[in-house]
Amino acid sequence: MEEPQDSHAQDVTKTAGEENCTDAKQEFYIKAQKYWSEVPPTVNGMLGGLGYINAVDIQASTSFLRELKIKDMHKKYALDCGAGIGRVTKNLLMPLFEKVDLVEQDPAFAEKARDYCVTDMGSTLGYPKRLGEIYNVGLQEFIPTPQKYDVVWSQWVLGHLTDEDLLKFFKRVKVGLADGGLFVMKENVSSSNSTVLDETDSSVTRPLTEYEKFLGEAGYRIIKITKQKNFPKGLFPVCMIACRPMAPKINQG
Ligand SMILES: C[S@@+](CC[C@H](N)C(=O)[O-])C[C@H]1O[C@@H](n2cnc3c(N)ncnc32)[C@H](O)[C@@H]1O
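Going along each chain's sequence as written, the residues are numbered from 1 onward. Owing to the predicted nature of the model, reporting of local features is limited to residues with pLDDT of at least 70; listing and counting of side-chain atom pairs is limited to 80 or more, with chain, interface and lining totals taken over all residues.

Helical geometry: 3.6 residues make up each α-helical turn, so side chains three or four residues apart lie on a common side. Strands here mean DSSP runs of E at least two residues long; helices mean DSSP runs of H or I at least four residues long; both are numbered from the N terminus. Take the residue count of a helix, subtract one, and multiply by 1.5 Å to get its expected span. Spanning 14 residues, helix 6 (residues 163-176) covers 20 Å between terminal C-alpha atoms, matching the ideal 20 Å at 1.5 Å per step. Looking only at helix 6, the buried set comprises Leu166, Phe169, Phe170, Val173, Lys174 and Gly176. The buried residues of helix 6 all sit within an arc of 160° when viewed along its axis, so they share a single face. Three exposure classes are used, all based on how many other C-beta atoms lie within 10 Å of a residue's own C-beta (placed from the backbone): buried at 20 or more, exposed at 12 or fewer, and partly exposed between those limits. Directions are taken from the helix axis to each C-beta atom, and the arc is the one they span.

Dropping the structure here:
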C-alpha cells in the first residue's frame, strides 16, 4: 500500500506475443495467489498490517454511499468483489443491504468470511441471514447473475487484474447490475501518470486516468469520485469512484 518514492512506469499486464502473454499472465495471477495464501485471515492481514485504518476507511465509504443517495435506491442485493474475509461486507454492506454476496479467490479467506461476517467476539450479529453466496473464484473468471445487484463494490483488488481482464470484468459487472444499479470501486491510484508494479503481492497501481479510460470503454458513466481523507501519510492516494452503465444510444436513423 505504501507509495514507492522512486516509482517507475512498468506494466506487466500488457505483454506482446500470444504465448509470452499467456505465461506472464498466469504467473501474475499465481504469484498473487501465493502471496495471499501466506497472509493471516484477519483485518490486519486484509489491510497490509494497517488494521487501525479500518474504521476511517469504513466511515468514508459509508459517507460516500450516503452522498450517492442509496437510501432512496433498492437495497436488495450487494456484491463485494475481492472480499477477503469480508471486512467490507460485514462493516459497510450488510448493515445496508438485505443480502450480500462475496467473490474471493483465496479459499481460506472465503471460508473465514462465513464466520467473520456473522459473529463478533463469539456472539451472532443482528442480521446473519444477510450473508449471501460466497463465490471462491478469481474476478478474472467470475460471471455475475444478470441484473442481480443494486450495488457492486470492489475494493483493493483491481490491481490484481491484467488490463485485458479488468476491461472484461467491468463489462460483466454491467450485466450483473439491476436497473438503477451502481458500480463502486475503491482503489489505490498512482500519483504519477504511470502504472506501478508491486512484485511482492503481484499487483499494479494504476493512475486514476487509466481507470477512467477503462470504465468509459466498458460503457460506464462516472457519477462521483472522492479521494479518501485521513489515511496515514506515505500511502498511495485512494479514490472511490461510482458509476452507472451508460444509457444505450437511441438509433435515430
Ligand atoms: C488488500 S485485500 C482487500 C480485501 C477486502 N477488499 C478489504 O478491503 O478488506 C485484497 C484481496 O483481494 C483478493 N484477490 C487477489 N487477487 C484476486 C483475484 N484475481 N480475484 C479475486 N480476489 C482477488 C485477495 O485474496 C485479498 O483477499
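Moving on from the model shown.
So, about the site of the ligand. Lining the immediate surroundings of the ligand are 20 residues, of which Met46, Gly82, Gly84, Arg87 and His160 lie closest. Looking at the shell around the ligand, the elements with two or more residues in it are helix 1 (18-37) and helix 4 (87-93). Basically, the charged four are Asp, Glu, Lys and Arg, the nonpolar ten are Ala, Val, Leu, Ile, Met, Phe, Trp, Tyr, Cys and Pro, and anything else, Gly included, counts as polar. For the shell around the ligand, the per-class residue count stands at 10 nonpolar, 7 polar and 3 charged. In this analysis, residues qualify as near a molecule or strand once their C-beta atom, positioned from backbone atoms, comes within 6 Å of it.

Now for the UniProt feature "binding site: S-adenosyl-L-methionine" (unreviewed entry) in the chain. UniProt positions are given in the numbering used here, feature names are shortened, and annotations may be inferred rather than shown by experiment. Per the UniProt record, the feature "binding site: S-adenosyl-L-methionine" (unreviewed entry) sits at Gly82, Arg87, Leu139, Gln140 and Gln155. Take Arg87: it is sitting in helix 4. What counts as a contact is two residues whose backbone-derived C-beta atoms lie within 7 Å of each other. In this view, Arg87 contacts Val43, Met46 and Asn54; residues no more than four positions away in its chain are not counted. Tracing the sequence through the fold places Leu139 in the loop between strand 5 (131-135) and strand 6 (149-155). Leaving out residues up to four positions away in the same chain, Leu139 has contacts with Cys81, Gly82, Val103, Val157, Leu161 and Phe169.

Across the sheet, 7 strands lie side by side as 5-2-1-6-7-11-10; this open sheet has mixed pairing. Whereas interior strands pair on both sides, the edge strands pair on one side only; in this sheet they are strand 5 and strand 10 (220-227). For this sheet, the mean inter-axis angle between neighbouring strands, taken without regard to orientation, is 20°. Each axis is a line fitted through C-alpha atoms, taken for helices only over the stretch in contact, and angles between the N-to-C directions span 0 to 180 degrees. Of the strands in this sheet, strand 6, strand 7 (177-188), strand 10 and strand 11 (238-245) are in contact with helix 6, which crosses strand 7 at around 145°. Two strands form a pair only when DSSP identifies at least two bridges running between them.

In this section: the nonpolar core. With 53 residues, the main nonpolar core has Ala78, Ala113, Val152, Trp153, Phe183 and Val184 as its most contacted residues. Looking at this core element by element, the count peaks at 5 residues for strand 7. Remark: nonpolar core denotes a set of buried Ala, Val, Leu, Ile, Met, Phe, Trp, Tyr and Cys residues whose joining runs through C-beta atoms within 7 Å.

Let's shift gears to the pairing of strand 5. Regular strands have side chains that alternate between both faces of the sheet. For strand 5, the tally of buried residues reaches 4 of 5 residues, placing the bulk of the element in the interior. Note: strand 2 (residues 99-103) against strand 5, 3 bridges, orientation parallel. For Val103, the partnering residue across the bridge sits in strand 5 and is Tyr135.

A few words now on the packing of helix 6 against helix 7 (residues 208-218). Contact pair helix 6 / helix 7: the axes reach a minimum separation of 9 Å and the direction vectors enclose 50°. Between helix 6 and helix 7, the crossing angle belongs to the class labelled oblique. Crossing of helix 6 over helix 7 shows right-handed handedness. Contact with helix 6, carried on its side by Leu166, Leu167, Phe170, Lys171 and Lys174, involves Phe214, Leu215, Glu217 and Ala218 of helix 7 and no other residues of that element. Within the contact of helix 6 with helix 7, the residues separate by chemical class into 6 nonpolar, no polar and 3 charged. Roughly parallel here means an angle under 35 degrees, roughly antiparallel means over 145, roughly perpendicular means 65 to 115, and every remaining angle is called oblique. Crossing handedness is defined as follows: a turn of the near helix away from the far one that is anticlockwise and smaller than a right angle gives a left-handed crossing, while the clockwise case is right-handed.

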